[in-house]
2 protein chains.
Amino acid sequence: MANKVKLNDSNSTRVPAGDLQKQLLSIFQGVGTPEHHAEIAAKVLVSASVRGVDTHGVANVVGYSQAIENGVYTIPQQTKVITESETTALVSGGNGIGLVSAYEGMEIAIEKAKNYGLGMVSIRDGHHVGMVAYYAMMALEHNMIGMSMTTAAPAVRPALGARKMLGTNPIGFAAPAGAERDFVLDMATSTVASGKVGLARRLGVPIPEGWAVTNEGKAITDPPDGENDTWSLNPLGNTREQGSHKGYGLAMMVDILCGVLSGGGFSSQLARGENMSWVMAIDIARFRDVDDFKAMMDDMIGELHATPPMPGEDRVLVAGDPEADAMDDRLANGVPVENGQYAAIKARAAEVSVEILI
Amino acid sequence: MANKVKLNDSNSTRVPAGDLQKQLLSIFQGVGTPEHHAEIAAKVLVSASVRGVDTHGVANVVGYSQAIENGVYTIPQQTKVITESETTALVSGGNGIGLVSAYEGMEIAIEKAKNYGLGMVSIRDGHHVGMVAYYAMMALEHNMIGMSMTTAAPAVRPALGARKMLGTNPIGFAAPAGAERDFVLDMATSTVASGKVGLARRLGVPIPEGWAVTNEGKAITDPPDGENDTWSLNPLGNTREQGSHKGYGLAMMVDILCGVLSGGGFSSQLARGENMSWVMAIDIARFRDVDDFKAMMDDMIGELHATPPMPGEDRVLVAGDPEADAMDDRLANGVPVENGQYAAIKARAAEVSVEILI
């Protein structure tokens, strides 16, 4: 079931990452986005596709560029610091492209961490930021640990609750390794991200019990056709006995750091398409020698990889492995774009009168 | 099953919190702990019992005081700063009482946050810190958000893995509310904390499927008699399909911040009883007006409480509610101490030649 929700040669078309970057850049520019912001937005979306996070990948250029045209996203946008201290900033994303606000917010956090060891930015007046781990990963090249979170309008029920009240409120966390691949965690605090239900629906496959429930508590296996108030995603843990209060608690933590600390509002105050975010950078060298840190990361990752797998499983993975595997494949062989989305991107390029490059 | 794992009038004895504080203080002092550290250790343990977190409560004075006598814990201890910057500190707990190292580590973090907005301390050479949220909660009276984590020797398998490799690696997070009760999350990154399996064993009740498995992947319902290499706790999420990589990923995040950033070592490098920790304080006023923050916290908590419950459930709770309810009851009516543990504390007081006060 869940593992059928995959792109393959019959439902997708492979496109070189560089071509996708050029096509997305041109579409964002085609609707008036300044070049440096169009570059950022394209880069974040292509990175998600390259890493196999297709739900947050290149196809989103269609909706984002429509939101720009409709005036839902304000461009040219400014990432404006409302208040700041040595280590902290409250930033307004100016209701622009969310990817750009989060990217520029993390640039601020990294700069503060360079100067004072830590940097933290809470971002209001924002939109969808895509693959949340992208911003955490920006810390890696600076030998920093990165952390990132984002909220969304309700899709997930609280533990014991029968209405969607929280966003899928994902958490990103990235820490650099040495010889091993970097540790990159990117997880919705619900059992699955909303995008996986949408993907299952488009591909016509059922979803496993435990992902979503009706307001009467009945498990849903036929992926619902769109958002409505009759069902919700489960928080990670699913049931009280199996820890649903933990996924729910993490979702509230994300709401507090992104929505309440910024003043932008918590999940149930947000309209669909509004997203508040939060990023942090930690300068490793303030604690210990960076090479020693990375060597210990390598040891940990190596030991986990060497753990005997459960019967029926190939091997034990570490967060970031599937994405790094996808990246190896996709940079070499092209990025698979779901056929419907491939056509939609080309149609969108034509619509905004830019050359079709894919 | 799970909800039978509760203290009641037939398996426990109620003792006033103040008497417990005095008794624990005297036992810690009885084995040579300096008074100000004995005060801290007693306070953290009594707080856990008062909040209903019995597995991390007063009974631990027996084992901790034995560890002091055996020389496993070094006293008098010093919380020594190895390296620091404006906002960060790497601290050695000097292999003393873990509760004291984490407490003093959080004091350092709060002080740094007062001066620079953020404070973060990674603590090596440490022991068991008890209820991890205690340290996050220390931020509340300073109008700060607190966060705390701690590692432990392996008890939990990685997703897809068949050996215990990670500690239960809990996360604490506390944020102040206004009229509502503060948000306090305290969660193991495993489906359940180890202590709950031990409690079920002592009370002679089965555990639910999903909490623990054999190395062959068979669900365990008869609580195992002690730690060994034939079984492990499940990471939060339990199965791949239901998100076990998320609980596992969070456990690694905790290992990175506590064990790798401090250099003290990650879970599978730790001996039983060794624990590395991490704390952070965030000064809310650097972002926005504290009263406005608290008012929005109240709105969020109020909306979640007002969510319609699932059929068969009473009401929707917020993290910290069960503990605050326990506190209301226990401060008024005394703290229930499991009968075997009640006897053990008194026996321990006699052993170290201090007056029995409970």
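As the structure is a prediction and not an experimental result, all values here were calculated from the model. (Residues numbered from 1 in each chain as written. Chains lettered and ligands numbered in written order. Predicted model: local features only at pLDDT ≥ 70, side-chain atom pairs only at ≥ 80, totals over all residues. Heavy atoms only, no water.)

Some thoughts on the domain arrangement of chain A
Residue and element names in this part refer to chain A.
- Split by domain assignment, chain A resolves into domain 1 (1-76 + 334-358) and domain 2 (80-191 + 234-320).
- If you look at the interface, domain 1 gives 19 residues, while domain 2 gives 17 residues.
- For the pair domain 1 and domain 2, the summed buried surface comes to about 1600 Å²; carbon and sulfur atoms form 70% of the total.
- On the domain 1 side of the interface with domain 2, the three residues burying the most area are Val44, Arg51 and Tyr73, jointly 33% of the side's total. (Domains from an automatic or database assignment. Contact = heavy atoms within 4.5 Å. Buried area = accessible area lost by both parts, 1.4 Å probe.)

Some thoughts on the interface of chain A and chain B
- Across the contact, 95 residues belong to chain A and 94 residues belong to chain B.
- Counting each side, the surface lost to burial between chain A and chain B is near 7500 Å², with a carbon and sulfur contribution of 72%.
- Its largest share of buried area at the contact with chain B, chain A owes to Lys246, Phe287 and Met310 of chain A, together 11% of the area lost on that side.
- On inspection of chain A and its partner chain B, the count reaches four salt bridges.
- The interface formed by chain A and chain B holds 28 residue pairs in polar contact (both at pLDDT 80 or more) in total.
- In terms of residue count, the dominant contributor to the side of chain A that touches chain B is helix 7 (residues 244-260) of chain A (twelve residues). (Salt bridge = Lys/Arg side-chain N within 4 Å of Asp/Glu carboxyl O. Polar contact = N/O pair within 3.5 Å; in protein donor to acceptor, adjacent residues only side chain to side chain. Helix = DSSP H or I, 4+ residues; strand = E, 2+ residues; numbered from the N terminus.)

Topic: the sheet that holds strand 2 (residues 80-84) of chain A
- Reading across from one edge, 2-3-4-10-5-6-7 (chain A) is the order of the seven strands in this open sheet, with mixed pairing throughout. Looking along the sheet, the strands with just one partner apiece sit at the ends: strand 2 and strand 7 (183-187) of chain A. When strand polarity is set aside, the average angle formed by the axes of neighbouring strands in this sheet is 15°.
- Note: strand 6 (residues 171-175) of chain A against strand 7 of chain A, five bridges, orientation antiparallel. When the sheet's bridge partners are listed, Gly172 of chain A is paired in strand 7 of chain A with Asp186 of chain A.
- Strand contacts of helix 4 (residues 98-116) of chain A: strand 2, strand 3 (88-92), strand 4 (118-124), strand 5 (144-150) and strand 10 (277-283) of chain A, with the helix running at about 155° to strand 4 of chain A, the strand carrying the most contacts.
- Across the sheet, helix 7 (residues 244-260) of chain B is in contact with strand 5, strand 6, strand 7 and strand 10 of chain A; its angle to strand 7 of chain A comes to roughly 135°. (Pairing = 2+ DSSP bridges. Axes fitted to C-alpha atoms, helices over the stretch in contact; angles between N-to-C directions.)

Considerations on the relation of the copies chain A and chain B
- The two copies are related by a screw operation: chain A maps onto chain B through 180° of rotation and 0.0 Å of translation along the axis, at an RMSD of 0.0 Å. Classification of the inter-copy transformation places it as that of a two-fold axis. Minimal C-alpha distance to the rotation axis in chain A is attained by Gly237 of chain A, lying at 2.6 Å. (Least-squares fit on C-alpha atoms with pLDDT ≥ 70 in both.)

What to know about the side chain of Asp54 of chain B
Residues and elements named next belong to chain B.
- Secondary-structure assignment places Asp54 in the loop between helix 2 (35-50) and helix 3 (60-70).
- A distance of 2.8 Å separates the side chain of Asp54 from the side chain of Arg330, its partner in a polar contact.
- Residues contacting Asp54, with those up to four places away along its chain left out, are Leu7, Ala48, Ser49, Arg330 and Pro336.

Observations regarding the environment of Asp321 of chain B
Residue and element names in this part refer to chain B.
- With respect to the helices and strands, Asp321 occurs in helix 9 (residues 321-333).
- Residues Asp321 and Arg181, 140 residues apart in the sequence, show an inter-C-alpha distance of 7.5 Å.
- When sequence neighbours within four positions are dropped, the list of residues in contact with Asp321 reads Arg181 and His305.

Side note on the packing of aromatic side chains
- Tallied over the entire structure, the rule returns nine aromatic pairs over all chains.
- On the numbers, 6.0 Å between centres and 40° between planes, the contact of Tyr64 of chain A with Tyr73 of chain A is tilted.
- Here Tyr73 of chain A falls in the buried class, since its relative accessible area comes to 8%.
- Between Phe173 of chain B and Phe183 of chain B, the aromatic rings sit 6.1 Å apart at their centres with planes inclined by 70°, giving edge-to-face as the arrangement. Linking Phe173 of chain B in strand 6 (residues 171-175) with Phe183 of chain B in strand 7 (residues 183-187), this pair joins segments that are ten residues apart in sequence. Each member of the pair, Phe173 of chain B as well as Phe183 of chain B, carries the same accessibility label: buried.
- Each residue in the set Tyr103, Tyr134 and Tyr135 of chain A is aromatic and connected to the rest through ring pairs, giving one cluster. (Phe/Tyr/Trp six-rings, centres within 6.5 Å; stacked < 30°, edge-to-face > 60°. Buried < 20%, exposed > 50% of the residue type's maximum accessible area, 1.4 Å probe, protein only.)

Digging into the sheet that holds strand 3 (residues 88-92) of chain B
All names here are of chain B.
- Spatial ordering of the open sheet is given by 2-3-4-10-5-6-7, a layout of seven strands whose pairing is mixed. Whereas interior strands pair on both sides, the edge strands pair on one side only; in this sheet they are strand 2 (80-84) and strand 7. Across the sheet, the axes of successive neighbouring strands diverge by a mean angle of 15°, strand direction being ignored.
- Here strand 5 (residues 144-150) pairs with strand 6 via four bridges, running antiparallel. Across the sheet, residue Met149 finds its bridge partner in strand 6, namely Ile171.
- Lying over the sheet, helix 7 contacts strand 4 (118-124), strand 5, strand 6, strand 7 and strand 10 (277-283), oriented at roughly 95° with respect to strand 5.

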